[in-house]
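What follows is the residue order along each chain.
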Amino acid sequence: MSEADVSTARSGRRRPARERLLAAAARRFYADGVAATGIDTITAEAGVAKMSLYNNFSSKADLVRAYLDARHEEWLGLYRARLERARGPRDGVLAVFDAYADHAAFAYEHGFRGCGLLNAAAELPAGDEGRSVVRAHKEEVERLIAGHLEQLLPDRPDAARTTAEHLAFLLEGAMARAGLEGDGDRLRRARSLAADLLDRL
């Protein structure tokens, strides 16, 4: 273990148990999947007793929902950071693509596996509340794109709505392929295609 790892581990022990549990769940759920990751694995990685988990989360399903909410907030943070540098609505649309590429650039333990939210949703049964969290995230991403396009095309609301849906599909398809291929090349290509499309509006 490197000096940096030891330092991180020590500082991790000083964080509140809930925060450590969420961080451990995020690593394990993304690397190994929701179903394959047991409570014992998460508590061991977080360095807390099992009772600490149940003091903070009512069940594993509750922890999964908290993980999905945290992934959504994480993505929003990446998007907002990109949006701060945007110079108009065209850049705003591309900031959405850039936030996904930033997500792909993280140093994941077992490499990039695509969208953590969709990966989790694929494991959850139909009707599970967690799937609703993922759906709401994807709908918000499309709304953000639509909002920028409405500014770009103020007199063409139908075109803005249709183009937002088109770009959302492009983005999700690129994210799925990027996850399968293990890198962000498809996302960079999707951004380039989006930029070309925006220039033709």
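Residues numbered from 1 in each chain as written. Predicted model: local features only at pLDDT ≥ 70, side-chain atom pairs only at ≥ 80, totals over all residues. Heavy atoms only, no water.

- Named according to an unreviewed UniProt entry, the chain is AcrR family transcriptional regulator originating from Streptomyces echinatus.

Notes on the overall build of the chain
Argument step 1. Scanning the chain from terminus to terminus reveals 10 helices and zero strands.
Argument step 2. Overall size of the chain, expressed as C-alpha extent along the three principal axes, is 60 × 40 × 30 Å.
Argument step 3. Per-residue burial for the chain yields a buried fraction of 41% across its 201 residues.
Argument step 4. In the chain, once contacts between residues fewer than 6 apart in sequence are set aside, the share between residues at least 24 apart is 64%.
Argument step 5. When the accessible surface of the chain is split by element, carbon and sulfur atoms take 50% of a total near 10,800 Å².
Argument step 6. The chain carries 30 positive and 31 negative side-chain charges, and their two centres are separated by 3 Å. (Helix = DSSP H or I, 4+ residues; strand = E, 2+ residues; numbered from the N terminus. Buried < 20%, exposed > 50% of the residue type's maximum accessible area, 1.4 Å probe, protein only. Contact = heavy atoms within 4.5 Å. Areas by Shrake-Rupley, 256 points an atom, 1.4 Å probe, with all protein chains shown as cover. Lys, Arg positive; Asp, Glu negative; His and termini not counted. Charge placed at Lys NZ, Arg CZ, Asp CG, Glu CD.)

Points about the environment of E140
Argument step 1. Topologically, E140 is positioned in helix 8 (residues 129-152).
Argument step 2. Under the relative-accessibility criterion, E140 is labelled partly exposed at 24%.
Argument step 3. Along the chain, E140 and F106 lie 34 residues apart, while their C-alpha atoms are 22 Å from each other.
Argument step 4. Setting aside residues up to four positions removed in sequence, E140 forms contacts with H72 and L76.

A word on the domain arrangement of the chain
Argument step 1. Here the chain is partitioned into domain 1 (16-57) and domain 2 (60-199).
Argument step 2. The distance between the C-alpha centroids of domain 1 and domain 2 comes to 26 Å.
Argument step 3. Facing 19 residues of domain 1, the contacting portion of domain 2 comprises 19 residues.
Argument step 4. When the buried area of domain 1 at its contact with domain 2 is split by residue, Y30, V34 and F57 rank highest and sum to 47% of it.
Argument step 5. Along the contact surface separating domain 1 from domain 2 lie zero salt bridges. (Domains from an automatic or database assignment. Buried area = accessible area lost by both parts, 1.4 Å probe. Salt bridge = Lys/Arg side-chain N within 4 Å of Asp/Glu carboxyl O.)

Describing the packing of helix 6 (residues 89-104) against helix 9 (residues 157-181)
Argument step 1. One can describe the packing of helix 6 onto helix 9 by two numbers: an axis separation of 11 Å at closest approach and a directional angle of 10 degrees. It follows that helix 6 is roughly parallel to helix 9 by the angle criterion. Along this stretch, helix 6 crosses helix 9, giving a crossing that reads as right-handed. On helix 9, the residues touching V93, V96, F97, Y100 and H103 of helix 6 are L167, L170, L171, E172 and M175. (Axes fitted to C-alpha atoms, helices over the stretch in contact; angles between N-to-C directions. Parallel < 35°, antiparallel > 145°, perpendicular 65-115°, else oblique. Left-handed = near helix turned anticlockwise from the far one by under 90°.)

A word on empty space enclosed by the protein
Argument step 1. Taken as a whole and assessed by the stated rule, the structure comprises two cavities of 30 Å³ or more.
Argument step 2. A volume near 100 Å³ is recorded for the largest cavity.
Argument step 3. Lining the largest cavity are R71, E74, W75, L78, Y100, H103, C115, G116, L117, H137, K138 and M175.
Argument step 4. Of all elements in the fold, only helix 5 (60-83), helix 6, helix 7 (116-123) and helix 8 reach the threshold of two or more residues within the lining of the largest cavity.
Argument step 5. Take the lining of the largest cavity: its biggest share by element is four residues, from helix 5.
Argument step 6. Considered as a void within the structure, the second largest cavity measures approximately 40 Å³ in volume.
Argument step 7. Together, F29, Y30, G33, V34, Y67, R113, G116, N119, A120 and E123 line the second largest cavity. (1 Å grid on protein atoms, 1.4 Å probe; cavity = no way out; pocket = protein on both sides within 12 Å on 5 of 7 lines; lining within 4 Å. Points joined across faces, edges and corners; volume = space filled by probe spheres on them.)

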